[in-house]
Structures are given as C-alpha cells and as structure tokens.
Amino acid sequence: MAKSQGLERLSTPISTTAVWRDYLTMTKPKVVAMLLLTALVGMCLAVPTIPTIRVVVFGLTGIGLQSAAAAVFNHVLDRRFDAQMARTYHRPLAKGRIATSKAVLFACVLMVSGFILLWQLNPLTAWLTMASLVGYAVVYTVWLKHATPQNIVIGGLAGAAPPLLGWTAVTGNLDPHALLLVMLVFAWTPPHFWALAIHRRDDYAKAGIPMLPVTHGIEYTKMMVLFYTLLLFAVGLLPWLTAMSGYVYLVGSSVLNLGFIGYAIKLKFFDTTGHAWATFKYSIWHLLALFVVLLVDHWWITWSLGYK
Ligand code: HEM
Ligand SMILES: CC(C)=CCC/C(C)=C/CC/C(C)=C/COP(=O)(O)OP(=O)(O)O
C-alpha cells in the first residue's frame, strides 16, 4: 500500500490548499471553536466587567492550540478505527494523505506552543489544560473509548474543562462557580454524543467500538439521553440557585433545557426517521445559546449594578 501510494503521490500533484485543509481538518476546528466559546464565557464570568486583552488573547490562543493538539492526537491514535467508519474513513490520516509522523510533529508543536502561552498567564491553567489534553487524547481515545460504554461520560470531563480553564486563566484560582460551568457541559455531553451514536450505531458496531447503542441497544440509549437532559435541567438551575446568575439566565437556560428534554422525549417515545440526527444538531445550538445566555445575563447584572 505504501509503495502504490508513494507512486500516486509522485504522479498526482497535491495542491498546497489541499494539504493545508487536511491539517486544519485534523484540529477539529468547529469543536475547538465551541470549546473556546465556553472558555471565553468562563473568563468573562470570573470578573465583574471584562477580562484584560492579554488574558483573552493568551488564554484563548493557548487553550485553542492545546485543544487542537488533542484533536490531532485523536486523529493519529484513531486512524485505523476511523478508516472503518463511513463518517470518518475520508479523514487525512485514515486515507493516508498525511504521514503519521508529520501529524505527530504538528500536534507536538501545537501542544508545546499552547503550553508556553498559558504558562505566561499562570502555571495552574497551563497544567490543567495539559491534563485535559491528556484526558482526551490518551485516557479517552486510547483506553476508555475501547473499554466501556461509559467512555464519553468519563471522557467528557476533558471537553467540559474549558470554562474552568478560562476562569483560572483570569484568576489563577479554582472557584466553585467555575465548576458549575464544567458540570453544565459535563451533563450536556452524553445526550450530545449518544444522539449521534444512535444515528451512527452500525458504524460503531462495524468498527468494534463499544458505544452505548452497540452494547446496550438503541432503546436503552434513548432512555439515557432523556435521563441526562433531565439531569442537565437540574444542573442548569444551580447557577441561579447559587446566585452566580440571574433571571435572564434562569429563563433562557430553562427554555433551552426544556427544548432539549422535548427532543429527548420525542426520541424515546415518538421517534421518526432522522430525529436522532436532529437531536444531535439541536445539542450544538443549545450549548452555544446556553453560554451566550450566561454571558448576556452576567453583563446585564453588571450593567444594572452600575459597573463601568
Ligand atoms: C467525550 C465528549 C464528546 C464526544 C464523544 C463528542 C463527539 C462528537 C462527534 C463524534 C462529532 C462529529 C459528528 C459528525 O460526524 O458530524 C461531534 C461534533 C461536534 N461536537 Fe462533540 N463530542 C464531545 C464533546 C464535545 C464538547 C465538549 C464540545 C464543545 C464544547 C463539542 C462540540 C461539538 C461540535 C461543535 C460539533 C460539530 C462539529 C462539526 O460540525 O464539524 N463536543 N462531537
Ligand atoms: C485541552 C482540551 C480542552 C482538550 C479537549 C479536547 C477536545 C477536542 C474535546 C472534544 C471532545 C470530542 C470532539 C470528542 C469526540 O472524539 P471521538 O474520537 O469520539 O470522535 P471522532 O470519532 O469524531 O473522532
């Protein structure tokens, strides 16, 4: 395979745009963008007004680089499984368009530069972000993903960390309110992923990955999606109950979380073709809107208290 691919490479000119796109794809840019939104909101909620430009620029660039590095490591370590699934077989490493050694080097450059940037802010943020990277790239990708159907519940902690990372980037301390934001993303992750896993069940079964719909069946997974949307509703009340957030947040988050419960009820009891996919799509808009609402509420309170 290597020989024929080598000859193909010699005879087919690969445009620099194509190569550039492949490197970008490996960083999972849309996922990283969402992680950065949650980190930015964590930063903003850590202070009454707005964080300094330095913290925002160094913090978001550092967290972004490290998240991107984690995503590239995930592509490297999963390349053989990715090659077996319809959703992922065309990825740059699964297809052999990028050499594994080059991808590893790329990931290392992203990881080290991200760490150095975050170290300029404070070591706590640099180490916590590195722990999230290892949690996702190694603990989840190498071990949990292939070991237990609870993989994404436990592994979800790494993806839930950015609001805390944003917060510590500003303060240098761990704050219980930041942990509430982590809990929101943590409770959101299972319905986000399992809705997709229901839609892609056969793909995961074919690749031998023990995702919940493969090991416990579609009906059980739908029940778990509903359970976690209910849990998310309860967790969603905590920022208001602890006075971190106000009524704008309470109303906005309740509407969004009730919407998610509505999708989950339909999935469990009145499923139609394509509804699992629609639920997955809703989860993405839901998280985006939830964090925007957290921010709007925070600035509304700040403004009404007369901060300048
Ligand atoms: C263990 C935790 C997670 C798992 C297993 C997971 C899994 C996935 C998968 C498989 C996709 C690709 C769906 C497709 O084929 O289009 C996806 C998409 C996405 N995920 Fe997650 N996810 C997790 C956590 C997160 C977190 C924490 C965030 C952000 C805070 C996030 C944001 C997104 C976004 C924005 C997309 C859409 C990407 C696109 O359209 O290209 N995910 N997720
Ligand atoms: C430093 C830091 C904050 C790290 C977090 C990194 C990160 C990119 C988290 C997102 C979680 C995610 C996209 C999981 C999907 O992996 P998968 O392997 O199940 O999905 P795939 O099959 O699409 O690759």
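As a reminder, the structure under discussion sits directly above these lines.
Here the structure is a predicted model, which means the values were calculated and not measured. Starting afresh in each chain, residues are numbered from 1 along the sequence in its written order. The naming scheme follows written order: chains are lettered A onward, ligands numbered 1 onward. Only residues with pLDDT of 70 or above have their local features reported here, since the model is predicted, and side-chain atom pairs are shown and tallied only from 80 upward, although totals for entire chains, interfaces and linings are computed over all residues. To get the side-chain values, take all heavy atoms of the structure and skip hydrogens and water.

### Brief notes about the overall build of the chain
Next, step 1: Helical segments are the DSSP runs of H or I of at least four residues, strand segments are the runs of E of at least two, and each set is numbered from the N terminus. In terms of helices and strands, the chain carries 15 helices and zero strands.
Next, step 2: In terms of overall dimensions, the chain has a C-alpha envelope of 70 × 50 × 30 Å along the principal axes.
Next, step 3: Should any heavy atoms of two residues lie within 4.5 Å, those residues are considered in contact. Excluding contacts between residues fewer than 6 apart, the proportion of contacts in the chain whose partners are at least 24 apart in sequence is 75%.

### A closer look at a nonpolar patch on the surface
Next, step 1: Only residues whose relative accessible area exceeds 30% and that take part in no salt bridge are eligible for patches, with like-charged residues grouped when within 9 Å of each other and nonpolar side chains (Val, Leu, Ile, Met, Phe, Trp, Tyr) grouped when within 5 Å. In this description, accessible areas are obtained by the Shrake-Rupley approach with a 1.4 Å probe, and a residue is regarded as covered only by the protein chains that are shown. Here, a salt bridge means any Lys or Arg side-chain nitrogen found within 4 Å of an Asp or Glu carboxyl oxygen. Judged by side-chain polarity, Val248, Trp285, Leu288, Val292, Val296, Trp300 and Trp303 come together as a nonpolar surface patch covering roughly 740 Å² of accessible area.
Next, step 2: Looking at the nonpolar patch, the element that brings in the most residues is helix H15 (residues 275–304), giving six residues.
Next, step 3: Mapped onto the elements of the fold, valine 248 is located in helix H14 (residues 247–269).
Next, step 4: In this structure valine 248 comes out as partly exposed when scored by relative accessible area, which is 32%. Exposure classes here rest on a 1.4 Å probe applied to the protein chains alone. A residue is buried below 20% of its type maximum, exposed above 50%, and partly exposed in between.

### Side note on the site of ligand 2
Next, step 1: Near residues are defined by distance, with any heavy atom within 4 Å of the molecule or strand qualifying the residue. Every one of the 17 residues lining ligand 2 counts as a neighbour, but Lys28, Arg87, Arg91, Tyr140 and Lys145 are closest to it.
Next, step 2: Lysine 28 is positioned such that a nitrogen or oxygen atom in its side chain is 2.8 Å from an oxygen atom of ligand 2.
Next, step 3: The side chain of lysine 145 places a nitrogen or oxygen atom 2.8 Å from an oxygen atom of ligand 2.
Next, step 4: Protein chains shield 87% of the accessible area of ligand 2, which is 630 Å² for the free molecule. Distance and chemistry together define a polar contact, namely a pair of N or O atoms within 3.5 Å, with one atom able to donate a hydrogen and the other to accept it when in protein, and with adjacent residues in sequence counting only for side-chain atoms on both sides.

### Focus on the site of ligand 1
Next, step 1: In the vicinity of ligand 1 lie 19 residues, with Arg87, Gly159, Thr189, His192 and Leu196 positioned nearest.
Next, step 2: Taking histidine 192, its side chain carries an N or O atom lying 3.1 Å from a nitrogen atom of ligand 1.
Next, step 3: Both cavities and pockets are sets of points on a 1 Å grid over the protein atoms alone; in a cavity a 1.4 Å probe fits but cannot get out, in a pocket the set is open with protein on both sides within 12 Å along at least five of seven lines, and lining residues sit with an atom within 4 Å of a point. A pocket or cavity is taken to hold a molecule when more than half of that molecule's atoms are within 2 Å of the pocket's grid points. The cavity where ligand 1 resides is the largest pocket.
Next, step 4: When contributions to the shell around ligand 1 are tallied by element, the ones reaching two or more residues are helix H3 (29–45), helix H8 (151–160), helix H10 (176–199) and H15.
Next, step 5: For this classification, the nonpolar set comprises Ala, Val, Leu, Ile, Met, Phe, Trp, Tyr, Cys and Pro, the charged set comprises Asp, Glu, Lys and Arg, and every other residue, Gly included, is treated as polar. Residues that form the shell around ligand 1 fall into these classes: 13 nonpolar, four polar and two charged.

### Thoughts on the packing of aromatic side chains
Ring pairs (aromatic) are described by centroid distance and by the angle formed between their planes.
Next, step 1: Here is the rule: rings of Phe, Tyr and Trp (six-membered ring for Trp) pair when centre to centre is within 6.5 Å. Planes less than 30 degrees apart are stacked, more than 60 are edge-to-face, and the remainder are tilted. Per the counting criterion, the structure on display carries 13 aromatic pairs.
Next, step 2: Measuring from ring centre to ring centre gives 5.2 Å for phenylalanine 227 and tyrosine 228, while their planes differ by 85 degrees; the resulting arrangement is edge-to-face.
Next, step 3: The exposure class of phenylalanine 227 is partly exposed, given its relative accessible area of 42%.
Next, step 4: Feature note: the residues Phe115, Trp119 and Trp127 constitute an aromatic cluster, connected by ring pairs.
Next, step 5: The ring of phenylalanine 269 has lysine 268 sitting right over it, with the charged end atom 5.9 Å from the ring centre. Charges are assigned to positions over rings by a cutoff of 6 Å between ring centre and Lys NZ or Arg CZ, combined with an angular limit of 35 degrees from the ring normal.

### Details of the packing of H10 against H15
Next, step 1: Helix axes use the C-alpha atoms of the stretch in contact, all axes being lines fitted to C-alpha atoms, and the angles between their N-to-C directions lie in the range 0 to 180 degrees. Two elements in contact, H10 and H15, have axes separated by 7 Å at closest approach and are oriented at 165 degrees. Our classification of the angle between H10 and H15 gives roughly antiparallel. As for how H10 packs across H15, the hand of that crossing is left-handed. Across the interface between the two elements, Leu181, Leu184, Val185, Trp188, His192, Ala195, Leu196, Ile198 and His199 of H10 pack against Ala276, Trp277, Thr279, Phe280, Ser283, Ile284, His286, Leu287, Leu290, Phe291 and Leu294 of H15. Roughly parallel here means an angle under 35 degrees, roughly antiparallel means over 145, roughly perpendicular means 65 to 115, and every remaining angle is called oblique. Here a crossing is called left-handed whenever its near helix is offset anticlockwise from the far helix by less than a right angle, and right-handed whenever the offset is clockwise.

### Re the side chain of threonine 125
Next, step 1: Looking at where threonine 125 falls in the secondary structure, it is placed in helix H7 (residues 123–147).
Next, step 2: At 3.2 Å, the side chain of threonine 125 forms a polar contact with the backbone nitrogen of alanine 169.
Next, step 3: Excluding residues within four positions of it along the chain, threonine 125 makes contact with Leu118, Leu165, Thr168 and Ala169.

### Some details on the pattern of salt bridges
For side chains bearing opposite charge, pairing can occur when the charged atoms are close.
Next, step 1: Overall, the coordinates contain seven salt bridges when judged by the stated rule.
Next, step 2: Its salt-bridge partner being lysine 145, residue aspartate 78 comes within 2.5 Å of it at the nearest N-O pair. Highlighted residues: aspartate 78 in the loop between helix H4 (53–77) and helix H5 (79–82) and lysine 145 in helix H7, separated in sequence by 67 residues. Of the two residues, aspartate 78 and lysine 145, neither departs from the other in class, the shared state being buried.
Next, step 3: In this structure, glutamate 219 engages lysine 222 in a salt bridge whose closest nitrogen and oxygen atoms are separated by 3.5 Å. Separated by three residues within a single helix, glutamate 219 and lysine 222 lie in helix H13 (residues 218–241), roughly one turn from each other.
Next, step 4: A relative accessible area of 5% places lysine 222 in the buried class.
Next, step 5: Each of the salt bridges in this network shares a partner with another, and the network as a whole consists of Glu219, Lys222, Lys268 and Asp271.

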